[in-house]
Amino acid sequence: MTLQLVTAEEDYLKQKKRAKHNKSHHSYRRKNDAHSIKQNLSNSRAQKRGNGKKLGWKKQGGVAGKVDPFVPRSEHNPRELRLWAKRTGFVFDYSGEVGTSGSEKFEAFGRNGGGSSSKIEIDPVMGRTRGKEIEPESHGGATRVKNGAVLDGRGRKEKEHDGERKVGLNGNANGVVNRDGNGNGHGVSAVAPVNEGEEDKGMIRSICFRKGRSLLMEVSLIYYGLQHYLSLAGSLVLIPLVMVPVIGGTNKDAATIISTILFLSGITTILHSYFGTRLPLVQGSSFVYLAPALIIINAQEYRNLTKHKFRHIMRELQGAIIVGSVFQCILGFSGLMSVLLRLINPIVVAPTVAAVGLAFFSYGFPQAGTCPEITILQIALVLIFTLYLRGISIFGRHLFRIYAVPLSLTIIWIYASFLTVGGAYNYKGCNPNIPSSNMLMDACRKHAYTMNNCRTDVSNALSTVAWVRIPYPLQWGILIFHFRTFIIMVLVSLVASMDSVGTYRTTSLQVNSRPPTPGVVSRGIALEGFCSILHGLWGSGTGSTTLTENTHTIDITKVASRKVVVVGAAFLILFSFIGKVGALLASIPQALAASVLCFMWVLTATLGLSNLQYSQSASFRNITIVGVSLFLGMSIPAYFQHYQADSSLILPSYLVRYAAASNGPFRSGIKQLDFAINALMSLNMVVTLLVAFLLDNIVLGSQQERGVYVWSRAKDIATDPSLQSEYSLPKKVARHCCWFKCLRV
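Residues numbered from 1 in each chain as written. Predicted model: local features only at pLDDT ≥ 70, side-chain atom pairs only at ≥ 80, totals over all residues. Heavy atoms only, no water.

Caption draft 1: Representation of the overall build of the protein within the structure. Counting its regular elements, the protein contains 34 helices and seven strands. Classification of the 745 residues of the protein by burial places 51% in the buried group. Carbon and sulfur atoms form 61% of the exposed surface of the protein, whose accessible area is close to 34400 Å². (Helix = DSSP H or I, 4+ residues; strand = E, 2+ residues; numbered from the N terminus. Buried < 20%, exposed > 50% of the residue type's maximum accessible area, 1.4 Å probe, protein only. Areas by Shrake-Rupley, 256 points an atom, 1.4 Å probe, with all protein chains shown as cover.)

Next comes the structure, spelled out in structure tokens:
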């Protein structure tokens with residue numbers, strides 16, 4: 001900034017005489033306010049007309065000692081400027097920071113080597129810029145700039161050597177803000193004093209504005225947090241509606257498990273947001289654990305179990321989940337995951353995740369087909385919302401695209417209630433209140449299954465579940481451990497890790513961030529293992545993992561905030577304490593839940609295949625590997641499932657394939673090992689993972705063709721502050737977890 005001072009030597013002498021005749025510089029300015037402003041305006045206008053003339057100041061009487069004029073130069077000393085300003089009465093105010101005195105601001109300006117690139121000419125007496133016309137107004141010290149904006153004080157005090165003056169919101173004297181063409185505040189000191197009443201009013205308005213803005217931000221966080229989890233409702237709460245009826249549990253048991261899943265999902269999401277990868281990802285019960293749970297449930301020794309069957313099987317599942325989760329923790333904290341990441345590519349992740357969704361094709365519509373009058377409408381409505389109405393905005397929100405699943409489910413649920421009340425599922429001679437008793441009557445036997453799956457008044461959960469219930473560990477009893485379930489869950493946890501790796505990579509690109517380091521990925525996998533241990537202790541029936549649907553939710557909501565996810569998780573924990581919430585969700589008819597799951601499983605499969613976008617999807621090598629992996633992943637399990645099917649089993653057709661582990665072709669003489677191997681080879685996702693992993697790493701291909709994941713390096717996080725805030729642990733936690741560095745996590 002260049003200061004152009006054109007005053008002559010005698011002008012400075014007269015200014016010196018003027019300073020002697022007045023007690024203080026401010027008192028003189030107040031007395032001659034109007035006269036000084038008019039003179040400054042005339043000088044400013046004259047300089048605009050310019051023609052290169054030098055302007056002189058009007059004589060104000062008196063002769064004083066000689067003061068050397070200031071000669072501007074580029075290599076100026078800030079202290080010299082300050083001393084000259086004291087001698088000449090120059091008042092300056094450069095910085096826009098609050099609560100900084102004029103001398104401190106000028107010294108900061110000198111240390112920084114300048115400020116704005118634009119040149120500003122300052123009046124040496126009035127301390128004002130000459131670049132804009134300032135018109136005085138009688139607004140208690142307010143000043144109106146040429147564009148008509150009125151700017152007043154904000155009641156902050158600042159002490160100087162020559163008295164006390166008021167500093168505005170941007171640090172300017174008397175609360176006057178003047179900005180250059182770039183919108184930067186460059187200290188304009190006004191002349192008129194600020195009224196104390198106006199200062200108080202200004203302060204009150206400022207406080208009210210900040211409080212209102214803070215309240216608006218809190219409301220927005222709550223709204224977006226609930227929105228985030230509502231869009232994931234199908235993945236979070238519908239798994240118990242598949243498992244509990246198969247185990248033999250009641251509607252009250254289903255409500256208890258749903259509340260437990262909500263509680264654990266909230267806890268694990270908060271843990272992952274602060275101590276995991278720190279990406280805005282929701283943790284919850286995954287479909288990866290559903291198929292192995294159905295295999296364990298349909299084991300031969302549990303088929304004739306009647307007394308306490310539900311509790312016994314839940315304890316068996318809890319023990320298996322905990323052991324598999326311990327392996328996942330070891331995989332992450334030992335650093336083995338960082339080594340394994342070198343062998344994991346989109347060609348491996350894509351078919352593996354797709355197989356998770358495609359594995360339930362035998363359950364989807366066979367279960368939903370019992371009530372086609374509501375399930376077909378449910379599937380059609382969710383497709384209409386997601387495909388045809390996705391671009392429609394209501395109140396600025398794409399409600400149909402974001403709330404496709406909960407909105408369509410609510411509409412069809414109400415429609416099914418009208419059908420139930422209207423008698424659509426009433427059959428002559430059959431009791432609609434107790435459908436299970438109808439199995440004894442030949443005339444009602446064929447209608448009992450329809451009534452149990454379609455009626456909306458079958459569940460008694462709302463009347464039996466308490467209003468307040470807090471989930472607690474070991475709520476189903478002491479855990480049961482078996483070697484056969486250990487082996488199954490260890491490989492299933494490996495599949496869950498592959499799923500999470502793909503989600504980490506995709507989400508990091510969605511939020512416009514660099515990918516995490518292998519150490520951060522290992523830390524996230526290890527924490528997922530710890531969260532699955534919590535699921536095993538509390539008894540949710542499944543393990544915890546990063547939901548694949550996270551990427552879809554971020555894409556449709558355009559919200560990828562860690563705070564939003566944490567706030568939503570807090571509400572999940574709150575809802576889990578309200579027993580009626582779980583009871584209401586447990587009252588969803590079985591057929592209606594199956595139709596929603598049809599869409600969720602399709603979404604999981606398509607999200608898995610979308611990982612191919614990071615490789616050369618047109619490459620014949622990649623197409624062949626993915627195709628062979630998916631085909632063998634469906635065909636080999638079918639061979640194991642139908643090798644020696646027991647036709648005497650009284651099971652629905654969609655569960656027969658999960659009962660094949662006890663009668664598979666692998667027979668070594670060790671029953672525990674036979675069950676484990678037959679069970680693993682009947683799981684589509686496990687076979688698909690093994691085939692894809694083997695082919696991708698033995699068939700030659702360039703890194704670009706394979707789409708090898710490129711992860712960030714540890715030194716990138718150390719040198720990039722933005723990456724540190726995204727992936728590094730909180731400072732207090734990192735201080736007490738120095739041993740993480742030894743493990744490179």
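Caption draft 2: Just the confidence of the model for the protein, in detail. Here the protein averages 77 in pLDDT, and 68% of its residues register 70 or above. Helix 29 (residues 684-698) holds the highest mean pLDDT among the elements of the protein, 96, whereas strand 5 (residues 163-167) holds the lowest, 39. Predicted confidence is poor over residues 51-65, with pLDDT under 50, and the contacts of this stretch with residues over four places away or in other chains come to 35 contacts. (pLDDT = per-residue confidence, 0-100. Contact = heavy atoms within 4.5 Å.)

Caption draft 3: Broad picture of the packing of helix 15 (residues 372-388) against helix 17 (residues 404-421). One can describe the packing of helix 15 onto helix 17 by two numbers: an axis separation of 9 Å at closest approach and a directional angle of 150 degrees. Classified by the interaxial angle, the pair formed by helix 15 and helix 17 is roughly antiparallel. The two elements helix 15 and helix 17 meet at a crossing, and its hand is right-handed. Counted together, Glu373, Ile374, Leu377, Gln378, Leu381, Val382, Phe385 and Thr386 of helix 15 and Ala404, Val405, Leu407, Ser408, Leu409, Ile411, Ile412, Tyr415, Ala416 and Leu419 of helix 17 form the full contact between these two elements. In terms of residue class, the contact of helix 15 with helix 17 is made up of 14 nonpolar, three polar and one charged. (Axes fitted to C-alpha atoms, helices over the stretch in contact; angles between N-to-C directions. Parallel < 35°, antiparallel > 145°, perpendicular 65-115°, else oblique. Left-handed = near helix turned anticlockwise from the far one by under 90°. Nonpolar A, V, L, I, M, F, W, Y, C, P; charged D, E, K, R; others polar.)

Caption draft 4: Quick look at the state of the cysteines. Tallied over the entire structure, the rule returns one disulfide. Bridging Cys371 to Cys454, the disulfide has an S-S length of 1.2 Å. Its torsion about the S-S bond being -75 degrees, the disulfide of Cys371 and Cys454 is classed as left-handed. Remark: Cys454 occurs in helix 18 (residues 442-454) and Cys371 occurs in the loop between helix 14 (361-368) and helix 15; sequence separation between them is 83 residues. Given a relative accessible area of 0%, Cys371 falls into the buried group. You can call Cys454 buried: its relative accessible area is 0%. The thiol of Cys329 is not disulfide-bonded; the next cysteine sulfur, from Cys531, is found 8.6 Å away. Taking the relative accessible area as the measure of exposure, Cys329 reaches 12% and is therefore buried. (Disulfide = S-S within 2.5 Å.)

Caption draft 5: Just the nonpolar core, in detail. Core analysis: the largest hydrophobic core is formed by 117 residues, its most contacted members being Phe287, Leu290 and Met337. No other element matches the eleven residues that helix 25 (residues 590-609) contributes to this core. Setting aside residues up to four positions removed in sequence, Phe287 forms contacts with Gly234, Ser235, Ile239, Val356, Phe360, Glu549, Leu597, Met600, Trp601 and Thr604. (Core = buried A, V, L, I, M, F, W, Y, C linked by side-chain atoms within 4.5 Å.)

Caption draft 6: Expanded view of helix 21 (residues 518-538). End to end, helix 21 covers 30 Å across 21 residues, agreeing with the expected 30 Å (1.5 Å per residue, within 8%). Most of helix 21 is tucked away: 18 of the 21 residues are buried. Directly beyond the C-terminal end of helix 21, a positive phi value near 85 degrees is found at Gly539. (Expected span 1.5 Å × (residues − 1).)

Caption draft 7: Seen up close, the packing of aromatic side chains. Per the counting criterion, the structure on display carries 13 aromatic pairs. On the basis of an interplanar angle of 65 degrees and a centroid distance of 6.1 Å, the ring pair of Phe481 and Phe486 is categorised as edge-to-face. Taken together, the ring pairs in this structure connect Phe287, Phe360, Tyr363 and Trp601 into an aromatic cluster. Residue placement shows Arg505 over the ring face of Trp711; its charged tip is 6.0 Å from the ring centre. One residue, Arg657, lies across the ring of Tyr658, its end atom 5.1 Å from the ring centre. (Phe/Tyr/Trp six-rings, centres within 6.5 Å; stacked < 30°, edge-to-face > 60°. Lys NZ or Arg CZ within 6 Å of the ring centre and 35° of its normal.)

Caption draft 8: Spotlight on unusual backbone geometry. Positive phi is not limited to glycine here, since Arg278 has a value of about 70 degrees. Position of Arg278 among the secondary structure elements: in the loop between helix 9 (251-275) and strand 6 (283-285). For Arg278, a relative accessible area of 11% gives the class buried. Look at Lys558: it is not a glycine, yet its phi comes out positive at around 60 degrees.

Caption draft 9: Broad picture of a nonpolar patch on the surface. Taken together, the side chains of Leu383, Ile384, Leu387 and Tyr388 make up a nonpolar region of the molecular surface, amounting to roughly 420 Å² of accessible area. On the accessibility criterion, Tyr388 (67% relative accessible area) is exposed. (Patch = residues over 30% accessible without salt bridge, like charges linked within 9 Å, V, L, I, M, F, W, Y side chains within 5 Å. Salt bridge = Lys/Arg side-chain N within 4 Å of Asp/Glu carboxyl O.)

Caption draft 10: Fine view of the packing of helix 8 (residues 239-247) against helix 9. Two elements in contact, helix 8 and helix 9, have axes whose closest approach is 9 Å; the angle formed by their N-to-C orientations is 145 degrees. For the pair helix 8 and helix 9, the sense of crossing is right-handed. Contacts between helix 8 and helix 9 involve Pro240, Leu241 and Val244 on the former and, on the latter, Asp253, Ala254, Ile257, Ile258 and Ile261. Its residues assigned to classes, the contact of helix 8 with helix 9 comprises seven nonpolar, no polar and one charged.

Caption draft 11: Highlighting the side chain of Ser629. Among the structural elements, Ser629 can be located in helix 26 (residues 620-641). In terms of polar contacts, Ser629 uses its side chain to reach the backbone carbonyl oxygen of Ile625, at 2.6 Å. Ignoring anything within four residues of it in the chain, the contact list for Ser629 reads Pro351, Thr688, Val691 and Ala692. (Polar contact = N/O pair within 3.5 Å; in protein donor to acceptor, adjacent residues only side chain to side chain.)

Caption draft 12: Representation of the environment of Gly369. For Gly369, the position within the fold is in the loop between helix 14 and helix 15. C-alpha separation for the pair Gly369 and Ala594, spaced 225 residues apart in sequence, amounts to 9.1 Å.

Caption draft 13: Geometry of helix 10 (residues 290-297). A large share of helix 10 lies buried, amounting to eight of its eight residues. Within the span of helix 10, buried status applies to Leu290, Ala291, Pro292, Ala293, Leu294, Ile295, Ile296 and Ile297. Against the buried residues of helix 10 lie helix 8, helix 11 (309-333), helix 20 (483-510), helix 25, helix 28 (671-681) and helix 29.

Caption draft 14: View of the environment of Val565. Mapped onto the elements of the fold, Val565 is located in helix 23 (residues 562-576). Judged by relative accessible area, Val565 falls into the buried class, the value being 1%. Among residues more than four places away in sequence, those in contact with Val565 are His228, Tyr229, Thr269, Ser273, Pro280, Leu281 and Val282.

Caption draft 15: The arrangement of the side chain of Arg484 in detail. Examined against the element boundaries, Arg484 turns out to sit in helix 20. You can call Arg484 buried: its relative accessible area is 7%. Setting aside chain neighbours within four positions, we find Arg484 in contact with Ala299, Glu301, Tyr302, Glu316, Gln672, Phe675 and Ala676.

Caption draft 16: Quick look at the pattern of salt bridges. Across all of its chains, the model carries five salt bridges by this definition. A salt bridge links Arg484 to Glu301; the nearest nitrogen and oxygen atoms lie 2.0 Å apart. Residue Arg484 is located in helix 20, and its partner Glu301 is located in the loop between helix 10 and helix 11; the two are separated by 183 residues in the primary sequence. Residue classification places Glu301 among the partly exposed residues on the basis of a relative accessible area of 41%. When salt bridges with common partners are traced through the structure, they connect Arg621, Asp696 and Arg706 into a single cluster.

Caption draft 17: Inspection of the environment of Val566 at higher detail. Within the secondary structure, Val566 sits in helix 23. In this structure the C-alpha to C-alpha distance between Val566 and Ile222, which are 344 residues apart in sequence, comes to 9.9 Å. When near neighbours in sequence (up to four residues on either side) are disregarded, Val566 contacts Ile270, Ser273 and Tyr274.

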